[in-house]
Amino acid sequence: MDEFQEILQDFLVESFELIEQLDQDLVELETNPQDLDLLNRIFRVAHTVKGASSFLNFDVLTHLTHHMEDILNKARHGDLIITPDVMDVVLESIDLMKELLNTIRDTGADQGIDVSACVARLDAKSNGTEAPAASEPKAEEPAPVEVVEEPEVEEVPAADEPNYDEMSEDEVEAEIARLLAERQEEDKAKRKAKLEAGEEVPQMPDAEEEPAKAEEKKEEVPAPAASAIVPKAPTQPKRQEAAQEEVKAAAPAKSSPAMVEQTIRVDVKRLDHLMNLIGELVLAKNRLIKINVDVEERYEGEEFLEELNQVVSIVSLVTTDLQIAVMKTRMLPIGKVFNKFPRMIRDLSRELNKKIDLEIFGEDTELDKSIVEEIGDPLVHIIRNSCDHGVESTEDRVMLGKPETGKIILKAYNEGNHIVVQIDDDGKGLDPEMLKNKSLEKGIITEKEADSMSDKEAFALIFKPGFSTAASVTSVSGRGVGMDVVKTNIEKLNGIIDIDSEVGKGTSIKLKIPLTLAIIQALLVGVQEEYYAIPLASVLETVRISKDEIYTVDNRSVMRLRDEVLSLVHIGDIFEVERIIDAAEHAYVVVLGLAESKLGLIVDSLVGQEEIVIKSLGEYLKGMEGIAGATIRGDGGVTLIVDVAALMQMAKTVKAKPMIESNAASASKEKTKASDYCVMIVDDSKTDRTIMRKALEPMGITLIEAVDGQEALNILKQGEHNFDAMLIDIEMPRMDGYTLANEIKKYNKYKNLPLIAVTSRSSKSDRMRGVESGMVEYITKPYSSDYLASVVQRNIKFKAELA
């Protein structure tokens, strides 16, 4: 039984590998039906699977592949032309073969799947009239449908074959023996000629052929040629046929036998165990390097230090090389995923009645096995969307002056420690306004969000759950459950999604994914005495900013990073770690990117980049929100590894907090009394000024009012008051709030004066303009009196600390 299981396992591995390539070969054959070499290669695969399944008594699989082989055999001899309709049935049979192999893998038998309908369609296509010009070759082949072993008797001319139907069984056996003897003599003559010519003669076919012939003589059963004549042979001929198929399966490898001999199959569990051991070695290397640094500081000038440094360098170098070598053993070419898409594009183009070509580049690019398995589903959804929503119909493309055939380009390439998978199409592109309108209809976003949304943010709407631009639900799309799967899977891999699109030109989607997830590069950051490791794959950049570059918009901390506004949150606020930041120091911001989202993470210190090994937290600590695992630093300490996806979700609920130490309030109180503080209220509405006054009067501060920006600027120029904050309306006569803020910032003495916008304009563009003009806070009407008082008090104290 163990021997049978081993044979069965080898059969499944080989069959899955063979059929995996069939999809791509058949689609290529459809576009180039005259390629005889390709057709013969496909026929050999079908023939090999049929022979092996027959040997193992998988009758359903044998029955199906036999009838599929008939079509391929007729196509090889010109009796049938491969049309799209014929290919549909052949591809259907390939899908059934996959299902049968999966059933065999799970149950050990090929029962439970009905192939009769597919077999009937295969026979109908095989006996159809698609190729009337093939009548002449038929005259040379008197045998009807059962000529399935013809490749093994091609050396015997068909015209010289006797009429086997009129011969007795003994005469047939004698004829078989004669044919085998002739073939053996011919093989010996060929081998002798090659040896005399000094050519290398492959031994593998002979080594398998001789036992097969010995078995034939021992059991006195018909040779493979007889199986074409006597299809209902007993079990022994099946075994003999399989032996011959093994010889044929090995035939394509004759040109490079060394490649076969140097390849072995290794259980994935062994590779995983090996990777775990390498991880421990990497941790030990990091500790050794740290100890070496400590020893150098303690025993500076000692002779043994040079030798110690050499040993540490060698261990570090060998460990790194060993790690790379082991990682490469887990690497698979991304072509394993890419190869299924030509078939998918072919089926979708027929289903959608479109003409679509797929171009693939970089299929040799390698990825860790675990990532290759995870990236398949996202690519399927993206490419299906490109076919359905991206590429226009043939009629529409002609009207737009585009080529009738749409083009989808799928390529992969390395970029640092990442691999980039890019999917481009030349379709109609993404219309930001249409995406916003669809999202509004489905209640995914609000009108306020739509008004303030950039084109890039609008493109990201396609990843929202439930979003779809399809007019109706079809088998291809329309349910709104595709692209959100893409986002979820890419985030799981710590990947980034970037979309570029132009209406009428097409769309480009880039997936940036780390090469491996086992041993990763991380950025170590510090908060007080705590350390955290952030996967470097999710770190876009780090910046150092001053405190006056941090603004508050809608009770959220933000900063301006080149041409975009970035949300800020302190890592200590997320993990509830006590923090104290000196107002005179700069803040460090780690810019995180995940899928289409970005976040600025404020940290106390940047420790540096380090290679880390991800360790599980164990049964009791697993499931901690925001923590993906732990690692051991070079000094032996344990550092928590940040789960970037969870952290970005947690950051959405964290409100803005003062970026100064908590005892700053008491310090400001000791400095002076409340009545010495002065705030200007600038608003053209007397009612609004009254509301603000009533909210601030309980604080005991001095309040000065101005009816518009021009009057406020004149009061400032007079210099009679030393203002600690200004509340500014946006919409005012003579001079609006934006202009006033710009004018105030021109004076050095008002550089640190907090300008607080109080307005009913709440769009993102208005808030952005306020930040650009120098506003530090943006309060939207209506507001509570307590909230206004707290904002003013916070900014007064902040200005006092800066002073």
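Analysis parameters
Residues numbered from 1 in each chain as written. Predicted model: local features only at pLDDT ≥ 70, side-chain atom pairs only at ≥ 80, totals over all residues. Heavy atoms only, no water. Helix = DSSP H or I, 4+ residues; strand = E, 2+ residues; numbered from the N terminus. Expected span 1.5 Å × (residues − 1). Bend = angle between axes of the 7 residues up to and from the residue. Buried < 20%, exposed > 50% of the residue type's maximum accessible area, 1.4 Å probe, protein only. Polar contact = N/O pair within 3.5 Å; in protein donor to acceptor, adjacent residues only side chain to side chain. Pairing = 2+ DSSP bridges. Axes fitted to C-alpha atoms, helices over the stretch in contact; angles between N-to-C directions. Contact = heavy atoms within 4.5 Å. Core = buried A, V, L, I, M, F, W, Y, C linked by side-chain atoms within 4.5 Å. Phe/Tyr/Trp six-rings, centres within 6.5 Å; stacked < 30°, edge-to-face > 60°. Lys NZ or Arg CZ within 6 Å of the ring centre and 35° of its normal. Salt bridge = Lys/Arg side-chain N within 4 Å of Asp/Glu carboxyl O. Parallel < 35°, antiparallel > 145°, perpendicular 65-115°, else oblique. Left-handed = near helix turned anticlockwise from the far one by under 90°. Nonpolar A, V, L, I, M, F, W, Y, C, P; charged D, E, K, R; others polar. Patch = residues over 30% accessible without salt bridge, like charges linked within 9 Å, V, L, I, M, F, W, Y side chains within 5 Å. Areas by Shrake-Rupley, 256 points an atom, 1.4 Å probe, with all protein chains shown as cover. Right-handed = clockwise from strand over helix to strand, strands pointing away. pLDDT = per-residue confidence, 0-100.

Digging into helix α16 (residues 369-390)
Then step 1. Its 22 residues place the ends of α16 30 Å apart at the C-alpha level, agreeing with the 32 Å of an ideal helix rising 1.5 Å per residue.
Then step 2. The largest bend along α16 measures about 30° and falls at isoleucine 375, with the proline proline 378 one to four residues further on.

Looking at the side chain of threonine 507
Then step 1. If you trace the backbone, threonine 507 turns up in strand β7 (residues 506-514).
Then step 2. Take threonine 507: its relative accessible area is 10%, and that puts it in the buried class.
Then step 3. There is a polar contact of 2.9 Å between the side chain of threonine 507 and the side chain of serine 501.

Considering the sheet that holds β7
Then step 1. The five strands are arranged β2-β4-β5-β7-β6 in an open sheet whose pairing can be described as mixed. Lying at the two open borders of the sheet, with one neighbouring strand each, are β2 (356-361) and β6 (496-502). Strand-to-strand twist across the sheet, computed as the mean angle between neighbouring axes with direction ignored, equals 15°.
Then step 2. Contacting β2, β4 (406-415), β5 (418-425) and β7, α16 runs over the sheet at an angle of about 15° to β5.
Then step 3. Contacts from helix α21 (residues 483-492) reach β6 and β7 within the one sheet, and its direction differs from that of β6 by about 140°.

A few points about the sheet that holds strand β11 (residues 550-553)
Then step 1. Across the sheet, which stays open at both edges, the 11 strands sit in the order β10-β14-β15-β13-β12-β11-β23-β22-β21-β19-β20 with mixed pairing between neighbours. Each edge of the open sheet is held by one strand with a lone partner, namely β10 (539-545) and β20 (702-706). Ignoring which end each strand starts from, the neighbouring axes of this sheet average 25° apart.
Then step 2. As paired strands, strand β19 (residues 678-682) and strand β21 (residues 725-728) are joined by four bridges and run parallel to one another. Bridge pairing links valine 679 to alanine 725 in β21.
Then step 3. Sheet strands touched by helix α27 (residues 737-744): β19, β21, β22 (755-759) and β23 (777-780). Its angle to β21, the strand with the most contacts, is close to 155°.

Regarding the nonpolar core
Then step 1. Core analysis: the largest hydrophobic core is formed by 54 residues, its most contacted members being Phe338, Phe341, Leu379, Val421, Ile423 and Leu511.
Then step 2. The element contributing the most residues to this core is α16, with eight residues.
Then step 3. Phenylalanine 338 has contacts with Ile360, Phe361, Glu363, Leu379, Leu410, Lys411, Ala412 and Val421, leaving out every residue within four places of it along the chain.
Then step 4. Core analysis: the second largest hydrophobic core is formed by 41 residues, Leu61, Val86, Val89 and Leu96 among them.

Describing the packing of aromatic side chains
Then step 1. According to the stated counting rule, one finds three aromatic pairs in the structure shown.
Then step 2. Aromatic side chains tyrosine 299 and phenylalanine 304 sit 5.9 Å apart centroid to centroid with 65° between the ring planes, which places their arrangement in the edge-to-face category.
Then step 3. Accessibility expressed as a relative area gives 39% for phenylalanine 304, which makes it partly exposed.
Then step 4. Taking the ring centre of phenylalanine 43 as reference, the NZ or CZ of arginine 76 above it sits at 3.9 Å.

A word on the pattern of salt bridges
Then step 1. If you walk through the whole model with that rule in mind, you get 26 salt bridges.
Then step 2. Put simply, aspartate 500 and lysine 456 hold a salt bridge, and the shortest N to O gap is 3.0 Å. One end of the pair, aspartate 500, is in strand β6; the other, lysine 456, is in helix α20 (residues 455-459), with 44 residues separating them in the sequence.
Then step 3. In this structure lysine 456 comes out as partly exposed when scored by relative accessible area, which is 41%.
Then step 4. For glutamate 705, the salt bridge is made with arginine 689, and the minimal N-O distance between the two is 3.0 Å. With glutamate 705 in strand β20 and arginine 689 in helix α25 (residues 686-696), the pair connects residues that are 16 residues apart, well separated along the chain.

Some points on the packing of α27 against helix α28 (residues 764-773)
Then step 1. One way to put it is that α27 packs onto α28 with a least axis distance of 9 Å and a crossing angle of 20°. Relative to α28, the element α27 lies roughly parallel. For α27 against α28, the interelement crossing comes out left-handed. In this structure, α27 contributes Tyr738, Ala741 and Asn742 to the contact, and α28 contributes Asp766, Arg769, Gly770 and Ser773.
Then step 2. In the contact of α27 with α28, the residues fall into two nonpolar, three polar and two charged.

Remarks on a nonpolar patch on the surface
Then step 1. Taken together, Leu288, Val311 and Val315 make up a surface patch of nonpolar side chains, about 190 Å² in accessible area.
Then step 2. As for its placement among the helices and strands, valine 315 is situated in helix α13 (residues 304-329).

Observations regarding α21
In an α-helix, one full turn covers 3.6 residues, which means residues spaced three or four apart are oriented alike.
Then step 1. Here α21 lies mainly inside the structure; seven of its 10 residues are buried.
Then step 2. Of all the positions in α21, only Met483, Asp484, Val486, Lys487, Asn489, Ile490 and Glu491 are classed as buried.
Then step 3. Turning to α21, the residues buried within the fold contact α16, β6, β7, β14 (587-594) and α23 (644-651).
Then step 4. Just past α21, the residue asparagine 494 takes up positive phi, approximately 60°.

As for unusual backbone geometry
Then step 1. In this structure, asparagine 353 takes a positive phi of about 60° despite not being glycine.
Then step 2. Its place among the elements puts asparagine 353 in the loop between α15 (341-351) and β2.
Then step 3. For arginine 734, which is not glycine, the phi dihedral falls at a positive 65°.
Then step 4. Looking at the secondary structure, you find arginine 734 in the loop between β21 and α27.
Then step 5. The exposed category is assigned to arginine 734, whose relative accessible area is 64%.

Description of the environment of alanine 522
Then step 1. Summarising the element assignment, alanine 522 is placed in strand β8 (residues 519-527).
Then step 2. You can call alanine 522 buried: its relative accessible area is 0%.
Then step 3. The spatial distance from the C-alpha of alanine 522 to the C-alpha of isoleucine 612 is 6.6 Å, given a sequence separation of 90 residues.
Then step 4. Apart from residues no more than four positions distant in its own chain, alanine 522 is found in contact with Ala533, Ile534, Pro535, Leu536, Gly608, Gln609, Glu610 and Ile612.

Considering the pairing of β21
Then step 1. Burial along β21 is two-sided: the residues Ala725 and Leu727 and Met726 and Ile728 are all buried.
Then step 2. Pairing geometry for β21 and β22, over three bridges, is parallel. Considered in β22, the bridge of methionine 726 is made with leucine 755.
Then step 3. For the handedness criterion, the β-α-β arrangement of β21, α27 and β22 is classed as right-handed.

Focus on the packing of helix α4 (residues 84-107) against α15
Then step 1. One way to put it is that α4 packs onto α15 with a least axis distance of 12 Å and a crossing angle of 130°. One element, α4, and the other, α15, form an angle in the oblique class. As α4 runs across α15, the sense of the crossing is left-handed. Across the interface between the two elements, Pro84, Asp85, Met87, Asp88, Leu91 and Asp95 from α4 touch Arg343, Arg346, Asp347 and Arg350 from α15.
Then step 2. Split into classes, the residues belonging to the contact of α4 with α15 amount to three nonpolar, no polar and seven charged.

Observations concerning the confidence of the model for the protein chain
Then step 1. With 77% of its residues at a pLDDT of 70 or more, the protein chain shows a mean pLDDT of 75.
Then step 2. Segment residues 129-160: pLDDT under 50, and 49 contacts once partners within four positions in sequence are set aside and those in other chains are kept.
Then step 3. Counting contacts from residues 660-672, a segment whose pLDDT is below 50, to residues more than four positions away or on other chains yields 15 contacts.

Points about the environment of glycine 108
Then step 1. Along the chain, the position of glycine 108 falls in the loop between α4 and α5 (116-126).
Then step 2. Distance from glycine 108 to phenylalanine 58, taken between C-alpha atoms, is 9.4 Å for residues 50 residues apart in sequence.
Then step 3. If we skip the residues at most four places from it in the chain, glycine 108 touches Phe58 and Thr103.

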